[in-house]
Amino acid sequence: MTKDYDYLLKVLLVGDSDVGKHEILSGLEDASSESPFCSGNAYKTTTILLEGKRVKLQLWDTSGQGRFCTIIRSYSRGAQGIILVYDITNKWSFDGIDRWLKEVEEHAPGIPKVLVGNRLHLAFKRQVAAKQAELYASRNNMSCFEISPLCDFNIRESFCELARMALHRNGMERIWRNNKVLSLQELCCRTIVRRTSVYAIDSLPLPPSVKSNLKSYALTTSQCYNSLNHNTKHKNRSKTPISSGRNSCNIA
């Protein structure tokens, strides 16, 4: 069957309990649930249009309770993006972002991240200033959004920004932006990953932090390219011209 998307990205929503992660997913009009709610986690899918490309997001809702920290370790390896969620009316949830950020950086270093302040419609109860969140996001190389599922405000914008960052990191953005110059770090990662396997990275004479970054890059890149190649091969087969008679001709 023909796929209804061009790229598939796996995204984790992490944060303390009761910050509204489920509210974000349930507010998506076109979202469909493709996993049962079990063990504190589930995912929904939604498709966004990014510069003419259909990007399908697998949005995984992880429980904010401490005993489910193993979920981050299990699912972060295959993720292409992380959404860190806090409640702007609860300062404790914002302070807890440090713990979640540490977990993410330990198991998926270098992965694109977006900081999201939920429940903007309750701004009159605000305990976390927008400027404070922006400074924190800037220090940790993240984008920052304040959203409201109730008003459907800034949710799609945060998804699009994370998808743009993930596609850029995996080199897919060059498909429709061929004139963009890659950074030296991205070129080095792509060159190393192209010439070795994920399992052979440990044997390279590199610092442990660089090896972890390369592993994360290799895993996410292979998933994106496999999805793209499968879709491209199917399109090429469907476009093969069929001869209708001896006077017909095929144009290559």
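Before reading further, recall that the structure is shown in the block above.
The structure contained in this document is the topic of the report that follows. (Residues numbered from 1 in each chain as written. Predicted model: local features only at pLDDT ≥ 70, side-chain atom pairs only at ≥ 80, totals over all residues. Heavy atoms only, no water.)

1. Things to note about helix α4 (residues 97-107)
Think of an α-helix as 3.6 residues a turn; residues three or four steps apart then line up on the same face. The condition that has to hold: Three labels apply to residues, based on accessible area from a 1.4 Å probe with only protein chains included: buried if under 20% of the type maximum, exposed if over 50%, partly exposed otherwise in between. Secondary structure elements are defined from DSSP: runs of H or I of at least 4 residues count as helices, runs of E of at least 2 residues count as strands, and each element is numbered from the N terminus. This arc corresponds to the set of directions leading from the helix axis out to the C-beta atoms.
The set of residues buried in α4 consists of Ile97, Trp100, Leu101, Glu103 and Val104. Angularly, the buried residues of α4 cover 160° about the axis, an arc narrow enough to put them on a single face. Along α4, the residues that are exposed and aim more than 90 degrees away from the buried face are Lys102 and Glu106.

2. So, the environment of Ala137
As a reminder, the rule being used: For this analysis, residues touch if any pair of their heavy atoms sits within 4.5 Å.
Here Ala137 shows up in helix α5 (residues 130-139). Looking at Ala137, the relative accessible area reads 1%, which means it is buried. On a C-alpha basis, the gap between Ala137 and Lys113 in space is 9.2 Å, while along the polypeptide they are 24 residues apart. Setting aside its immediate chain neighbours within four residues, Ala137 contacts Leu115, Met142, Ser143 and Cys144.

3. Comments concerning the packing of aromatic side chains
Operational definition: Aromatic rings from Phe, Tyr and Trp, taking only the six-membered ring of Trp, are treated as a pair when their centres fall within 6.5 Å; an angle between ring planes under 30 degrees marks them as stacked, one over 60 as edge-to-face, and anything in between as tilted. Sitting over a ring, as applied to charges here, requires NZ of Lys or CZ of Arg to be within 6 Å of the ring centre and within 35 degrees of the ring normal.
The tally for this structure, following the rule as stated, stands at two aromatic pairs. Taking 5.0 Å as the distance between ring centres and 70° as the angle between the ring planes, the aromatic pair formed by Tyr86 and Phe94 counts as edge-to-face. We note that Tyr86, like Phe94, is buried. Ring geometry for Phe94 against Tyr136: centres 5.5 Å apart, planes inclined by 65°, an arrangement best described as edge-to-face. Here the residue Phe94 occupies a position in helix α3 (residues 91-95), and Tyr136 occupies one in helix α5, the gap between them amounting to 42 residues. If you follow Lys10 out to its NZ or CZ, it ends over the ring of Trp60, 5.0 Å from the centre.

4. Examining α5
Residues of α5 that are buried: Ala133, Tyr136 and Ala137. The arc enclosing the buried residues of α5, seen along the axis, measures out at 100°, which places them on a common side. Relative to its buried face, α5 has exposed residues pointing more than 90 degrees away, namely Lys131, Ser138 and Arg139. As for α5, its buried residues are in contact with β5 (81-87), α3, α4, β6 (113-118) and β7 (143-146). Just past α5, the residue Asn141 takes up positive phi, approximately 55°.

5. Observations concerning the pattern of salt bridges
Under the convention used in this document: Whenever Lys or Arg places a side-chain nitrogen within 4 Å of a carboxyl oxygen from Asp or Glu, that contact is recorded as a salt bridge.
Applying the stated rule across the entire model yields nine salt bridges. Residues Arg119 and Asp87 are paired through a salt bridge, measuring 2.8 Å at the closest nitrogen-oxygen approach. Of this pair, Arg119 sits in the loop between β6 and α5 while Asp87 sits in strand β5, and the two are 32 residues apart along the sequence. Note on accessibility: Arg119 and Asp87 belong to one class, buried. A salt bridge links Arg126 to Glu146, with the shortest nitrogen-to-oxygen separation between them at 2.7 Å.

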